[in-house]
Amino acid sequence: MSESSSHSSLSAQLLLSIQPSLETVKINQPSKYVDFIWNKAEKDDRLTRDVRGKFFELLIASCLIKNGILPFFWQAQLEFVPLANFDLVIYTEERGPIVLSLKTSIRERYKQAEFEAQAMKYVHRRAKNFLVTMERNEAVSLKAKIDSGVLNGIDSVVVANEKSFDELIELLKSLSIVDTPVFSAIKNPQKIGFRQEK
């Protein structure tokens, strides 16, 4: 088993120990749901530095499923955007791909998300990229870079256990989420879920 697979497996075990099913945690507000599970995980020895990133991805994916934001694509490559693996991609009628770049802490890693977002927008001009993090102070600093125009690929930085995440989830719920177009806009994805007809 590769190191990455091992981290994914440990992350899944940890999440299942806190939340055996999506119905276990009866918290509907996305930011409070993330906060509750993250705080539980932080008390567990399995949430090592190496496992945190994968666990965060699983937690945000669980939140999308819990809120009916389906289908979405995990670790996906977009057609005509080489060398970029996007954490989560939601494909919409209105904007095409909406990417969630997931970083437990940002530090210098926002530069990779910015580069990938710029490459994506060169091809998918209406696309959006949201950087989702758990680090409030880093988010404030990065938001200032976005507001001043230093960064133009990342549309917004969102703190997963604050109101900004609730607003992001509401935005996603307001859009028409679709499967990818016939020309296969997403390559090598792990597709999560199918939306039920209303």
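Going by the structure above, here's the rest.
Every value quoted in this text rests on a predicted model; they were computed, and no experiment measured them.

Cut-offs used in this document
- Residues numbered from 1 in each chain as written.
- Predicted model: local features only at pLDDT ≥ 70, side-chain atom pairs only at ≥ 80, totals over all residues.
- Heavy atoms only, no water.
- Helix = DSSP H or I, 4+ residues; strand = E, 2+ residues; numbered from the N terminus.
- Expected span 1.5 Å × (residues − 1).
- Contact = heavy atoms within 4.5 Å.
- Buried < 20%, exposed > 50% of the residue type's maximum accessible area, 1.4 Å probe, protein only.
- Core = buried A, V, L, I, M, F, W, Y, C linked by side-chain atoms within 4.5 Å.
- Phe/Tyr/Trp six-rings, centres within 6.5 Å; stacked < 30°, edge-to-face > 60°.
- Lys NZ or Arg CZ within 6 Å of the ring centre and 35° of its normal.

## Some remarks on helix 5 (residues 136–147)
Moving on, step 1. With twelve residues, helix 5 ought to run about 16 Å at 1.5 Å a step, and its terminal C-alpha atoms sit 16 Å apart, in line with that.
Moving on, step 2. Residues of helix 5 that are buried make contact with helix 4 (110–123), strand 4 (128–133) and strand 5 (156–159).
Moving on, step 3. Of the residues flanking the end of helix 5, it is Gly149, one or two places downstream, whose phi is positive at about 85°.

## Observations concerning the side chain of Thr104
Moving on, step 1. Inspection of the secondary structure assignment puts Thr104 in the loop between strand 3 (96–103) and helix 4.
Moving on, step 2. According to the relative accessible area criterion, Thr104 is buried, its value standing at 12%.
Moving on, step 3. The residues touching Thr104, leaving out its near neighbours within four places in the chain, are Trp38, Arg52, Gly53, Phe56, Thr133, Met134 and Glu135.

## Brief notes about the nonpolar core
Within soluble globular proteins, side chains that are nonpolar tend to cluster in buried spots.
Moving on, step 1. With 39 residues, the main nonpolar core has Val34, Phe55, Ile60, Leu64, Leu100, Val132 and Phe165 as its most contacted residues.
Moving on, step 2. Core analysis: the next-biggest nonpolar cluster, separate from the first, contains eleven residues, Ile106, Tyr110, Ala113 and Leu151 among them.

## Brief notes about the packing of aromatic side chains
Moving on, step 1. Enumeration according to the criterion identifies two aromatic pairs in this entry.
Moving on, step 2. With centroids separated by 5.8 Å and ring planes inclined at 75°, the aromatic side chains of Trp38 and Phe56 adopt a geometry described as edge-to-face. Taken together, the residues Trp38 in helix 2 (residues 30–42) and Phe56 in helix 3 (residues 49–66) connect sequence positions 18 residues apart. The pair Trp38 / Phe56 is uniform in exposure class, with both members buried.
Moving on, step 3. Here a set of aromatic residues connected by ring pairs shows up, and it is made of Trp38, Phe55 and Phe56.
Moving on, step 4. A cation sits over an aromatic face here: Arg125 above Tyr122, 5.4 Å from the ring centre.

## Some words on the environment of Lys191
Moving on, step 1. Topologically, Lys191 is positioned in strand 7 (residues 190–192).
Moving on, step 2. A relative accessible area of 30% means that Lys191 is categorised as partly exposed.
Moving on, step 3. Here the alpha-carbon distance between Lys191 and Ser141, two residues 50 residues apart in the chain, equals 33 Å.

## Describing unusual backbone geometry
Residues apart from glycine generally show negative phi values, whereas peptide bonds are mostly found in trans.
Moving on, step 1. Between Leu70 and the following residue, Pro71, the backbone shows a cis peptide bond with an omega angle of -5°.
Moving on, step 2. The residue Pro71 is located in the loop between helix 3 and strand 1 (72–78) in this model.
Moving on, step 3. Here Gln75, not a glycine, exhibits a phi torsion of approximately 55°, which is positive.
Moving on, step 4. Of note in the backbone geometry, Phe80 takes a positive phi value of approximately 70° without being a glycine.
Moving on, step 5. Looking at the element boundaries, Phe80 is found in the loop between strand 1 and strand 2 (86–92).

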